[in-house]
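Structural overview
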Amino acid sequence: MWAELGGLVTAVSYAGGDLSVRAGMKGSNPLAAAIATLTINVILLWSISFILVPWDAFRLSLVWIFIVDGIMTQTFGRLLKFTSIARLGAARTGVIMGATPLFSVSLAVLFLNERLTAPVLGGAIFIVLGIALITEQREEGQGRFKDIIFPVISALLFGFSPIIRKWGISGLGYPFLGAAVTASTSLVTLLILSYFFPGRGGLVLTGRSLRYFVFSGLATTVALPLFYYALMWGPVIVVGPLSNTAGFFIVLISHLFLRSTERITSRVWGGCLAVLAGATLIILH
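Now for a look at the structure at hand. Being a predicted model, the structure only gives us computed values, none of them experimental.

**Looking at the packing of aromatic side chains**
- Inspection of the entire model under this criterion finds 11 aromatic pairs.
- For the ring pair Phe50 and Phe58, a centre distance of 5.5 Å and an interplane angle of 15° mean the geometry is stacked.
- Each member of the aromatic cluster is reached from another via a ring pair, and the members are Trp2, Phe176, Tyr229 and Trp233.

Rendered as structure tokens:
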């Protein structure tokens, strides 16, 4: 039960972080948001790691797999996702990225020999369907069919991330250190890419935006190590899909606590119910 709870709280934390970034983007830009939130992650996670983790754990032989995760999934997975948003639009990208839980489940069965039950598979399918319904909108541009490769590869990389982290945390055993290495690698790689491939407008950051980004950094600082703990407590086929229910919690938090003026359509309500049904199946499997 701890693994299921960890996966759900991870999703809630990511949802809170995403909502804060969305609010802070007024007067700022994605580069500033990513650098600010990752900087908060790095400072807090390393501070906690130096207090809680034994010194003999700070070795490359133990943390190298988290470096791979930071480069492969957290940096290039995001880069491909942003490219997809630019080419296909946010809604279509969201629908395709919603397949991430199925990739996680399939890869866990293939590489970790985890046992897939009918309720877990059904729950993952419901979550994917729900995410597709929640994120689908009607305002997107055309895009080209071959551009679908960007969100598909991004979803595959994000789906592979729990597998890599499961391997890493099984050998390391210290979630805060693993999360600190992953966040640091992602931040360094992002800074290098932004230097060689500068985006339009550069780094734009206001005091108002920074406050929202700090809160987002705090939320994701909770989510990152908690996800590792959840992987220590349970299998990827359970933790992966549940941690991908953030879209459901974004809708829920927006309309229950933030008094969103956006109207919830029957499609969105159906998506929320599908995600809820999928999570229930996985928890009760």
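And the narrative resumes.
**Quick word on the packing of helix α5 (residues 100-111) against helix α10 (residues 236-243)**
- One way to put it is that α5 packs onto α10 with a least axis distance of 9 Å and a crossing angle of 170°. On the basis of the axis angle, α5 is roughly antiparallel to α10. Across the interface between the two elements, Pro101, Ser104, Val105, Ala108 and Val109 from α5 touch Val236, Ile237 and Pro241 from α10.
- Across the contact of α5 with α10, the residue classes tally to seven nonpolar, one polar and no charged.

**Let's talk about α10**
- For α10, the buried fraction is high: eight of the eight residues fall into the buried class.
- Val236, Ile237, Val238, Val239, Gly240, Pro241, Leu242 and Ser243 are the residues of α10 that are buried.

**Things to note about unusual backbone geometry**
- One non-glycine residue, Asn113, lies in the positive phi region at around 55°.
- Topologically, Asn113 is positioned in the loop between α5 and α6 (118-135).
- For Asn113, a relative accessible area of 67% corresponds to the exposed category.

**Considering the pattern of salt bridges**
- Considering all chains together, one arrives at one salt bridge under this definition.
- Across the salt bridge formed by Arg165 and Asp69, the nearest N and O atoms sit 2.8 Å from each other. Here Arg165 is found in helix α7 (residues 149-172), whereas its partner Asp69 is found in helix α3 (residues 60-88), with 96 residues between them in sequence. Accessibility assignment for this pair places Arg165 and Asp69 in one class, buried.

**Description of the environment of Leu281**
- Of note, Leu281 is situated in helix α12 (residues 266-283).
- In this structure the C-alpha to C-alpha distance between Leu281 and Ala118, which are 163 residues apart in sequence, comes to 9.3 Å.
- With residues near it in sequence (within four places) discarded, Leu281 still touches Pro119, Gly122, Gly123 and Phe126.

**Focus on the packing of helix α1 (residues 2-24) against helix α11 (residues 246-256)**
- Viewed as axis vectors pointing N to C, α1 and α11 meet at an angle of 60°, and their least axial separation amounts to 8 Å. Taken together, α1 and α11 sit at an angle that is classed as oblique. Note that α1 runs across α11; the crossing there is right-handed. Between α1 and α11, the residues in contact are Leu8, Ala11, Val12, Tyr14, Ala15, Asp18, Leu19 and Arg22 and Ala246, Phe249, Ile250, Ile253 and Ser254, respectively.

**Thoughts on the side chain of Thr10**
- One can find Thr10 in helix α1.
- Given the relative accessible area of 0%, Thr10 is considered buried.
- In this structure the side chain of Thr10 is engaged in a polar contact, spanning 2.7 Å, whose partner is the backbone oxygen of Gly6.
- The contact partners of Thr10, leaving out residues within four places of it in the chain, are Ala223, Leu226, Phe227 and Ser243.

**Thoughts on the environment of Arg115**
- Examined against the element boundaries, Arg115 turns out to sit in the loop between α5 and α6.
- For Arg115, a relative accessible area of 68% translates into the label exposed.
- As a C-alpha pair, Arg115 and Ile237 span 122 residues in sequence and 8.3 Å in three-dimensional space.

**Considering a nonpolar patch on the surface**
- A surface patch of nonpolar side chains, about 530 Å² in accessible area, is lined by Trp2, Leu5, Val9, Met232 and Trp233.
- Contributions of two or more residues to the nonpolar patch are made by α1 and α9 (207-233).
- It is α1 that provides the largest number of residues to the nonpolar patch, a total of three residues.
- Checked against the element boundaries, Trp2 lands in helix α1.

The rules behind these values
Residues numbered from 1 in each chain as written. Predicted model: local features only at pLDDT ≥ 70, side-chain atom pairs only at ≥ 80, totals over all residues. Heavy atoms only, no water. Phe/Tyr/Trp six-rings, centres within 6.5 Å; stacked < 30°, edge-to-face > 60°. Axes fitted to C-alpha atoms, helices over the stretch in contact; angles between N-to-C directions. Helix = DSSP H or I, 4+ residues; strand = E, 2+ residues; numbered from the N terminus. Parallel < 35°, antiparallel > 145°, perpendicular 65-115°, else oblique. Contact = heavy atoms within 4.5 Å. Nonpolar A, V, L, I, M, F, W, Y, C, P; charged D, E, K, R; others polar. Buried < 20%, exposed > 50% of the residue type's maximum accessible area, 1.4 Å probe, protein only. Salt bridge = Lys/Arg side-chain N within 4 Å of Asp/Glu carboxyl O. Left-handed = near helix turned anticlockwise from the far one by under 90°. Polar contact = N/O pair within 3.5 Å; in protein donor to acceptor, adjacent residues only side chain to side chain. Patch = residues over 30% accessible without salt bridge, like charges linked within 9 Å, V, L, I, M, F, W, Y side chains within 5 Å. Areas by Shrake-Rupley, 256 points an atom, 1.4 Å probe, with all protein chains shown as cover.

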